[in-house]
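# Geometric and topological summary
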Amino acid sequence: MSVEIFYDDDADLSIIQGRKVAVIGYGSQGHAHALSLRDSGVDVRIGLPEGSKSRAKAEEEGLRVLTPAEASAEADLIMILAPDTKQRFIYAEDIEPNLKDGDAIFFGHGFNIRYELIKPPANVDVAMVAPKGPGHLVRRQFVDGKGVPCLIAVEQDASGNAQALALAYAAAIGGARAGVIKTTFKEETETDLFGEQAVLCGGASALVQTGFEVLTEAGYAPEIAYFEVLHELKLIVDLMYEGGIARMRYSISDTAEYGDLTRGPRVITPAVKEEMRKILGEIQDGTFAREWVSEDETGRANFRKLQEAGEQHPIEETGKKLRGLMSWVDRPITETA
Ligand SMILES: NC(=O)C1=CN([C@@H]2O[C@H](COP(=O)(O)OP(=O)(O)OC[C@H]3O[C@@H](n4cnc5c(N)ncnc54)[C@H](OP(=O)(O)O)[C@@H]3O)[C@@H](O)[C@H]2O)C=CC1
Ligand SMILES: CC[C@](O)(C(C)=O)C(=O)O
Ligand SMILES: [Mg+2]
Ligand SMILES: [Mg+2]
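Per chain, the residues get numbers from 1 upward, laid out in the order the sequence is written. The lettering of chains begins at A and the numbering of ligands begins at 1, in the order of writing. Only residues with pLDDT of at least 70 are given local features in this predicted model, and only at 80 or more are side-chain atom pairs given and counted; all residues enter the totals for whole chains, interfaces and linings. The basis for every side-chain value is the complete set of non-hydrogen atoms in the structure, without hydrogens or water.

Taking an unreviewed UniProt entry as the reference, the protein is identified by name as Ketol-acid reductoisomerase (NADP(+)) belonging to Amycolatopsis thermophila. Taken from UniProt, the Sequence similarities (unreviewed entry) comment for the protein reads in full: "Belongs to the ketol-acid reductoisomerase family." UniProt positions are given in the numbering used here, feature names are shortened, and annotations may be inferred rather than shown by experiment.

## Some words on the coordination of the magnesium ion (ligand 4)
Coordination shells were defined by N, O and S atoms within 2.8 Å of each metal, extended to 3.2 Å for Na, K and Ca; water is absent from the atom set, which can make sites look incomplete. Of the protein atoms, only Asp192 (OD) and Glu196 (OE) coordinate the magnesium ion (ligand 4), at distances of 2.0 to 2.1 Å. Taken as a pair, the magnesium ion (ligand 4) and the magnesium ion (ligand 3) show a spacing of 3.4 Å, with Asp192 coordinating each metal. Residue Asp192 and its partner Glu196 are both found in helix α10 (residues 185–200); the two are separated by four residues, about one turn of the helix. Assessed through its relative accessible area of 19%, Asp192 is described here as buried. The helix and strand labels rest on DSSP assignments: H or I over at least four residues marks a helix, E over at least two residues marks a strand, and numbering proceeds from the N terminus. Categorising residues by exposure relies on relative accessible area from a 1.4 Å probe, with only protein chains included: less than 20% of the type maximum marks a residue as buried, more than 50% marks it as exposed, and the intermediate range marks it as partly exposed.

## Things to note about the site of ligand 2
Contacts to ligand 2 come from Gly133, Pro134, Asp192, Glu196, Leu200 and Cys201. Asp192 has a polar side-chain atom sitting 3.1 Å from an oxygen atom of ligand 2. As used in this structure description, the phrase polar contact means that two N or O atoms lie within 3.5 Å; if the pair is within protein, one of them must be able to donate a hydrogen and the other to accept it, and residues adjacent in sequence are counted only when both atoms belong to side chains. In the model, an oxygen atom of ligand 2 is placed 2.5 Å from a nitrogen or oxygen of the Glu196 side chain. Areas reported as accessible are Shrake-Rupley estimates using a 1.4 Å probe. Residue values count occlusion only from the protein chains shown. Across the complex, the protein chains shield 61% of the 290 Å² of accessible surface that ligand 2 would expose by itself. The classification used treats Ala, Val, Leu, Ile, Met, Phe, Trp, Tyr, Cys and Pro as nonpolar, Asp, Glu, Lys and Arg as charged, and all other residues, Gly among them, as polar. Tallied by class, residues from the shell around ligand 2 come to three nonpolar, one polar and two charged. Summary of the distance rule: residues count as near a molecule or strand when at least one heavy atom falls within 4 Å of that molecule or strand.

## Here we look at the UniProt feature "binding site: substrate" (unreviewed entry) in the protein
The UniProt entry lists Ser253 under the feature "binding site: substrate" (unreviewed entry), expressed in the numbering used here. In this fold, Ser253 is placed in the loop between α12 (222–251) and α13 (254–267).

## Details of the side chain of Thr189
Of note, Thr189 is situated in helix α10. Classification of Thr189 as buried rests on a relative accessible area of 0%. In this structure the side chain of Thr189 is engaged in a polar contact, spanning 3.4 Å, whose partner is the backbone oxygen of Gly110. At 2.6 Å, the side chain of Thr189 forms a polar contact with the backbone oxygen of Phe185. With residues up to four places along the chain from it excluded, the contact list for Thr189 reads His109, Gly110, Phe111, Arg114 and Tyr115. What makes two residues a contact is simply this: any of their non-hydrogen atoms within 4.5 Å.

## Section: the packing of helix α11 (residues 202–217) against α12
Direction vectors running N to C along α11 and α12 enclose 155 degrees, while the axes themselves pass 9 Å from each other. In terms of axis orientation, α11 runs roughly antiparallel to α12. Of the two possible hands of crossing, α11 and α12 adopt the one that is right-handed. From α11, Val208, Gly211, Phe212, Leu215 and Thr216 reach across to α12, where they touch Pro222, Ala225, Tyr226, Glu228, Val229, Leu230 and Leu233. In terms of residue class, the contact of α11 with α12 is built from nine nonpolar, two polar and one charged. Angles here are taken between N-to-C directions and fall from 0 to 180 degrees, while the axes themselves are lines fitted to C-alpha atoms, restricted in helices to the stretch in contact. Any angle between 65 and 115 degrees counts as roughly perpendicular, while under 35 counts as roughly parallel, over 145 as roughly antiparallel, and the rest as oblique. Helix crossings fall into two classes, left-handed where the near helix is turned counterclockwise from the far one by less than a right angle and right-handed where it is turned clockwise.

## With respect to the UniProt feature "binding site: Mg(2+) 1" (unreviewed entry) in the protein
The UniProt record marks Asp192 and Glu196 with the feature "binding site: Mg(2+) 1" (unreviewed entry), using the residue numbering of this structure. When sequence neighbours within four positions are dropped, the list of residues in contact with Asp192 reads His109 and Lys132. The residues contacting Glu196, other than those within four sequence positions of it, are Cys201 and Gly202.

## Describing the environment of Arg114
Relative to the helices and strands, Arg114 is located in helix α6 (residues 111–114). Separated by 197 residues in sequence, Arg114 and Glu311 place their C-alpha atoms 32 Å apart. The residues touching Arg114, leaving out its near neighbours within four places in the chain, are Phe185, Lys186, Thr189, Glu190, Ile283 and Gln284. Side chain to side chain, Arg114 and Glu190 meet in a polar contact 2.8 Å long.

## Points about the packing of α12 against helix α17 (residues 314–323)
Running from amino to carboxyl end, α12 crosses α17 at an angle of 85 degrees, the nearest separation of the two axes being 9 Å. Put simply, α12 runs roughly perpendicular to α17. For the pair α12 and α17, the contacting residues are Pro222, Glu223, Tyr226, Phe227, Val229 and Leu230 in the first and Ile315, Thr318, Gly319, Lys321, Leu322 and Arg323 in the second. In terms of residue class, the contact of α12 with α17 is made up of seven nonpolar, two polar and three charged.

## Considering helix α8 (residues 162–172)
Taking burial as the measure, the 11 residues of α8 include nine buried ones, the bulk of the element. Those residues of α8 lying buried are Ala162, Leu165, Ala166, Leu167, Ala168, Tyr169, Ala170, Ala171 and Ala172. Immediately beyond the C-terminal end of α8, within one or two residues, lies Gly174, with a positive phi of roughly 95 degrees.

## Here we look at the site of ligand 1
Around ligand 1, the surrounding shell holds 25 residues, and the nearest of these are Tyr26, Gln29, Ser52, Ser54 and Asp84. With respect to ligand 1, the backbone of Ser28 contributes an N or O atom lying 2.9 Å from an oxygen atom. In the model, an oxygen atom of ligand 1 is placed 2.8 Å from a nitrogen or oxygen of the Gln29 main chain. Surface burial for ligand 1 is 74%, taken as the share of its 900 Å² of free accessible area covered by protein chains. If you list the elements that add at least two residues to the shell around ligand 1, you get α2 (28–39) and α5 (87–95). When the residues that make up the shell around ligand 1 are grouped by side-chain class, the tally is 11 nonpolar, 12 polar and two charged.

Structure, rendered in structure tokens:
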């Protein structure tokens with residue numbers, strides 16, 4: 001199936017420059033969108049609760065910070081960049097009562113629309129601009145004159161102009177420098193959840209931790225194991241990012257390439273692929289969404305336990321020590337890039 005890809009020349013920035021935008025939330029994505037929109041000449045205000053710890057960071061950047069309700073009332077485009085599990089409450093309490101004819105509600109990920117946790121009225125545009133990358137790098141790339149690709153989708157086109165609006169927004173945060181693909185809320189939500197669970201975050205973290213465990217349990221030095229399975233992974237993925245798996249294989253030794261081709265499939269076995277299919281099925285049938293919403297509603301105890309176990313993994317201690325000796329690697333992540 002072919003997709004439509006848009007670039008800067010296809011976008012009309014003046015469309016978003018003519019809107020009053022409220023960015024609700026100022027975390028990983030929120031700060032990136034707000035700062036880059038502002039730098040693209042867009043009228044932005046931030047919506048955060050009175051006690052929010054993000055308020056100071058946004059104010060330090062000279063952004064105007066209001067409550068989510070005030071920001072929603074003032075704006076005619078509301079981008080919701082609060083945690084997925086909180087969005088339905090923010091929508092019900094702060095956004096919905098302040099919606100006017102012709103307003104637009106935007107999302108950075110389709111979770112709440114795809115799983116029907118938010119049901120907007122018919123008189124507003126409902127669209128998505130979903131960067132395909134972590135917010136801190138969305139901002140860093142924008143500042144460096146680059147861009148992170150974005151997906152856009154229109155769930156409801158009350159104005160008849162929602163797609164052009166979403167494309168203009170994506171361009172204003174740098175997405176159209178790299179490419180903006182038109183999709184649906186369903187496709188974005190399901191592929192994004194699958195990617196982060198099976199490959200980018202879940203799959204990659206488990207692969208690195210397991211590789212580290214196998215080497216250290218066999219008596220090899222943790223420092224060597226760290227460099228081998230984590231530090232060098234970035235350098236290998238950089239080559240894939242630049243020129244695909246083929247370029248990575250061009251640069252590595254033929255010994256490595258033979259090992260890659262013969263041993264890779266022994267690690268990612270047909271059983272692993274079957275498990276990936278099961279994970280995708282749980283996303284498609286709503287099992288994962290129900291589980292995550294319920295985990296959040298019941299206080300996130302299991303989530304916290306798993307987070308703590310991850311933080312305690314021996315690879316973290318080894319990595320902290322080694323990264324501290326490489327000034328160019330130990331780069332702090334900030335909301336003020
Ligand atoms: N992280 C990423 O790179 C990506 C995220 N997304 C999507 O972007 C959205 C935001 O995620 P992410 O940036 O990770 O979120 P973060 O957890 O990094 O930030 C959430 C922000 O929302 C604020 N917040 C919390 N509660 C409220 C509230 N009641 N009203 C207003 N603001 C509130 C938080 O403030 P406080 O400081 O007070 O907690 C914080 O500033 C999600 O839909 C996510 O799926 C999409 C692509 C990538
Ligand atoms: C890969 C995780 C992500 O989907 C992202 C940075 O794109 C997220 O939800 O944070
Ligand atoms: Mg993602
Ligand atoms: Mg995601």
